[in-house]
Amino acid sequence: MLPEQSFTDVQFEDIIDVAEIGVEETYDIEVDHPDHAFFANDCVVSNSHSTAYAIDSYYAAWLHTHYEKEWLSTILQSENSKPDALAKAISEIKALGYSFSKIDVNYSGKEWQFSDKAGAFVPPLTSAKGIGSTAVDEILENRPYPDLKTMRSEEHTSELQSRFGISYAVFC
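None of these values were measured; they are calculated from a predicted model.

Conventions and cut-offs
- Residues numbered from 1 in each chain as written.
- Predicted model: local features only at pLDDT ≥ 70, side-chain atom pairs only at ≥ 80, totals over all residues.
- Heavy atoms only, no water.
- Buried < 20%, exposed > 50% of the residue type's maximum accessible area, 1.4 Å probe, protein only.
- Helix = DSSP H or I, 4+ residues; strand = E, 2+ residues; numbered from the N terminus.
- Arc of directions from axis to C-beta.
- Polar contact = N/O pair within 3.5 Å; in protein donor to acceptor, adjacent residues only side chain to side chain.
- Contact = heavy atoms within 4.5 Å.
- Core = buried A, V, L, I, M, F, W, Y, C linked by side-chain atoms within 4.5 Å.

Buried within helix α2 (residues 68–78) we find L72, S73 and L76. Buried residues of α2 fall within an arc of 105 degrees about the axis and therefore sit on the same side.

We now examine the side chain of S115. Relative to the helices and strands, S115 is located in strand β3 (residues 113–115). Engagement of the side chain of S115 in a polar contact is seen with the backbone nitrogen of A118, the distance being 3.0 Å. Once you skip the residues sitting within four places of it in the chain, S115 turns out to touch Y107, A120 and V122.

Residues I103, V105, L125, A128, I131, A135, V136, I139, Y145 and M151 constitute the largest nonpolar core, which totals 10 residues. Counting residues in each nonpolar core, the second largest holds 9 residues, with L72, L76, I90 and I93 among its members.

Honestly, that's just the spatial picture; any functional story needs more than this.
In structure tokens, the structure reads:
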């Protein structure tokens, strides 16, 4: 839930009058279910989904405004397992002026994140094909790695040593 301060600019007013303005076609889809209703000023209406979407849109706009990098990282993470959706999200974020770095053993983590040091969004280590959670845990536990030789010689990198070809691609 967002902090109470996020609602300081929102003003709610009572409905004073409802006047009939004629008959027009609408595209109203109703669900015949007793729990599918929204109460506003003691009136029952069946547009609870639109209200929920409006609230979600408000939250999304607030997060995008006040925590832009974190919000965009969350969007990237939510699309990470869907290549087409991820490509679209990356394209839209680039249009906002952000850049993206390659996967890097010294910056990448378990999820998408923005790195101030790299000045870019950094993909998670699991984005590299074949690198699983065990290898990621070993990388995170033993970094930073000044070079590939150091990475290969670490005592606790059994998973990395078995996947040297992949870890080499991540390091470069």
